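Coordinate analysis (summary)
Here is how the chains run, residue by residue.
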Amino acid sequence: MKPNVLFIVDSFEQGGSERQALQLLRQLHESGKCRVHLACLQDRGSLRAEAERFGIGEINEYALTSFYDLNFAKQLRRLIRFIKEKEINVVHAHCFYTNIFGMAGAFLAGLPARVTSKGETDGFRTPMQKRAERLSFRLAHRVIANCLVVRNQLIGEGVSSSRIIQHYNGLDLERQKVRPGLSREEALAMFGLSQEPRRLITIVANLRNPVKDHPTFLHAAARVRAAVPDAAFVIAGEGELMPSLRQLAAELGIERDVHFIGRCDDVPRLLFASHVGVLSSKAEGFANAILEYMAAGLPVVATDVGGVREAIVEGETGYIVASGAVDQMAERIIQVLSNDQKARAMGARGKAVVAEKFSSDRHLQNTLDLYDELLASRKTSVSNQRSVANGTLARPRDPQTGSPTGVGR
């Protein structure tokens, strides 16, 4: 029997965890090895239309206002009812809020396979939030860490290593390809960017969380622009920090060289027209943007956070700099732009690393194996309980007849 799997995502905004979750959901559906269902806590965001195209049926919203009010209990009852009506076997939660809500409902419903995800290091959650999330991990059968750094942090915070499994994020390489024959001029025009022969340094990150540290990127950009006259900079992402970042660009005198393009629905085309991909974050788990840069054949300059060192091969696919190190970041970007031959070699090596280590097919298989393991373990446990009830568990059997012997009676 195919397992019934329920994914729970926070929203359909263009975030890394949301895109990863929907990509995996689509692959599970297309594999034919699971019956998939999808729920959310906030029914909003541009990825909603993509989710509807999967053709998996109704997407339920469980709108939360708090973890401590009557509405939480009401939504929890709705979730438990849905789990039982659809005979769900696996609940797979994908972020902080869904971990807490999803594991509470799945535990109360007595599900045989409860899976949470952790893709953050320090810098995102308050101490109270971290305590609440650790409770959700105790209710889960497995916690998926998206890199070794996150796995080690979880162990350091007291999560049992037996509950943790490390799966790298996967990238659908086919979806990273651009149309054959696409020119750089066409790609630039799609984003309203100048078609002057300028070299683009691009950062893809939401503008909602200060942890992405766009100011470090802008300060480095000012230094790069002074050394490389044909350099221009693209910030792809949306959020409430945009006005302050625009103001900072103006204060640095680079407002004409920095392009804020907002939400980007076609990252592969943007990266096709770019020359360098940058990550400036103060903290990360495993940044999807790095994989996207590498898949596009771009050299990467990234801060030394989260699982960056598990993706970038220093000096071969890009450069790793200290968090907040403006001068070091600028120096490395200039270094990439000053040697086209080495930049191309870095990009080619990065493509190979992504294909070898971070493919979506590998991520899919890891997930299917995990579901199989949890569900098989549950079946074995149930079988053993029945054997105990029948008085046959651990009874030695005659090797020829297979019947229980009298030993141990």
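Figured I'd write up the structure that's included with this text. (Residues numbered from 1 in each chain as written. Predicted model: local features only at pLDDT ≥ 70, side-chain atom pairs only at ≥ 80, totals over all residues. Heavy atoms only, no water.)

1. Quick word on empty space enclosed by the protein
Empty space left among the atoms is revealed by rolling a probe the size of a water molecule over them. This model, assessed by the stated rule, comprises 1 cavity of 30 Å³ or more. Of the volumes computed, that of the largest cavity is approximately 40 Å³. The wall of the largest cavity is formed by Lys118, Lys130, Glu133, Arg134, Phe137 and Glu157. For the lining of the largest cavity, the per-class residue count stands at 1 nonpolar, no polar and 5 charged. (1 Å grid on protein atoms, 1.4 Å probe; cavity = no way out; pocket = protein on both sides within 12 Å on 5 of 7 lines; lining within 4 Å. Points joined across faces, edges and corners; volume = space filled by probe spheres on them. Nonpolar A, V, L, I, M, F, W, Y, C, P; charged D, E, K, R; others polar.)

2. Section: the sheet that holds strand S9 (residues 231–236)
Pairing is parallel in the open sheet, where 6 strands are placed in the order S10-S9-S8-S11-S12-S13. If you trace the sheet from one side to the other, it starts and ends with strand S10 (258–262) and strand S13 (318–321), each paired once. On average, adjacent strands in this sheet sit at an angle of 20 degrees to one another, irrespective of strand direction. Summarising the sheet, S9 and S10 pair through 4 bridges and their orientation is parallel. Each residue of the ladder has a partner; that of Ala236, found in S10, is Gly262. (Pairing = 2+ DSSP bridges. Helix = DSSP H or I, 4+ residues; strand = E, 2+ residues; numbered from the N terminus. Axes fitted to C-alpha atoms, helices over the stretch in contact; angles between N-to-C directions.)

3. Here we look at the nonpolar core
Ile201, Leu218, Leu270 and Ile290 are the most contacted members of the largest nonpolar core, which totals 80 residues. Among residues more than four places away in sequence, those in contact with Ile201 are Phe217, Ala231, Ala232, Phe233, Val234, Val276, Val278, Ile333 and Leu337. Residues Ile56, Ile144, Leu364 and Leu374 belong to the second largest nonpolar core, which totals 28 residues. (Core = buried A, V, L, I, M, F, W, Y, C linked by side-chain atoms within 4.5 Å. Buried < 20%, exposed > 50% of the residue type's maximum accessible area, 1.4 Å probe, protein only. Contact = heavy atoms within 4.5 Å.)

4. Describing the packing of aromatic side chains
In the structure shown here, the tally under the stated rule is 10 aromatic pairs. On the numbers, 4.7 Å between centres and 80 degrees between planes, the contact of Phe96 with Tyr97 is edge-to-face. Overall, Tyr97 belongs to the partly exposed group, its relative accessible area being 33%. Geometrically, the ring pair formed by Phe286 and Phe358 is tilted, given 5.4 Å between the ring centres and 40 degrees between the ring planes. In this pair, Phe286 is assigned in the loop between strand S11 (276–279) and helix H11 (288–295) and Phe358 in the loop between helix H14 (340–357) and helix H15 (360–390), connecting sequence segments 72 residues apart. For Phe286, a relative accessible area of 5% corresponds to the buried category. We classify Phe358 as buried; its relative accessible area is 0%. Put simply, the rings of Tyr62, Phe67, Phe72, Phe96, Tyr97 and Phe101 pair up and form one aromatic cluster. (Phe/Tyr/Trp six-rings, centres within 6.5 Å; stacked < 30°, edge-to-face > 60°.)

5. Looking at the packing of helix H3 (residues 70–85) against helix H4 (residues 96–108)
It is the contact of H3 with H4, at a shortest axis distance of 9 Å, that shows an interaxial angle of 55 degrees. One way to sum up the angle between H3 and H4 is to call them oblique. H4 is crossed by H3, and the crossing has right-handed handedness. Seen from H3, the contacting residues are Phe72, Gln75, Leu76, Leu79, Ile80 and Ile83; seen from H4, they are Phe101, Gly102, Ala104, Gly105, Ala106 and Leu108. (Parallel < 35°, antiparallel > 145°, perpendicular 65-115°, else oblique. Left-handed = near helix turned anticlockwise from the far one by under 90°.)

6. Focus: the sheet that holds strand S3 (residues 59–61)
Spatially, 7 strands are ordered S3-S2-S1-S4-S5-S6-S7 in an open sheet, and the strand pairing comes out parallel. In this open sheet, the two strands that pair with only one neighbour each are S3 and strand S7 (164–166). The mean inter-strand angle of the sheet, taken between neighbouring strand axes irrespective of direction, is 25 degrees. The pairing of strand S2 (residues 35–40) with S3 spans 3 bridges and is classified as parallel. In the strand pairing of S3, Ala39 is matched with Asn60. Contacting strand S1 (4–9), S2 and strand S4 (90–93), helix H1 (residues 16–31) crosses the sheet at an angle of about 155 degrees to S2. On top of the sheet, helix H5 (residues 127–139) reaches strand S5 (113–118) and strand S6 (142–145); it is set at about 145 degrees to S5, its chief contact.

7. Focus on the environment of Arg163
For Arg163, the location among the structural elements is in the loop between helix H6 (148–156) and S7. The spatial distance from the C-alpha of Arg163 to the C-alpha of Leu76 is 24 Å, given a sequence separation of 87 residues. Excluding residues that lie within four positions of it along the chain, Arg163 makes contacts with Phe137, Arg138, Ala140, His141, Arg142 and Val143. Engagement of the side chain of Arg163 in a polar contact is seen with the backbone oxygen of Arg138, the distance being 3.3 Å. Of note is the side chain of Arg163, whose polar atom sits 2.3 Å from the backbone oxygen of Ala140. (Polar contact = N/O pair within 3.5 Å; in protein donor to acceptor, adjacent residues only side chain to side chain.)

8. Here we look at the packing of helix H8 (residues 214–227) against helix H13 (residues 326–337)
Closest axis-to-axis distance for the H8/H13 pair is 8 Å, and the angle between their directions is 45 degrees. In terms of orientation, H8 and H13 fall into the oblique class. When the axes of H8 and H13 are compared, the crossing they make is right-handed. Together, Thr216, Phe217, His219, Ala220, Arg223, Val224 and Ala227 of H8 and Val326, Asp327, Met329, Ala330, Ile333, Ile334 and Leu337 of H13 make up the contact between the two elements. Partitioning the contact of H8 with H13 into residue classes produces 10 nonpolar, 2 polar and 2 charged.

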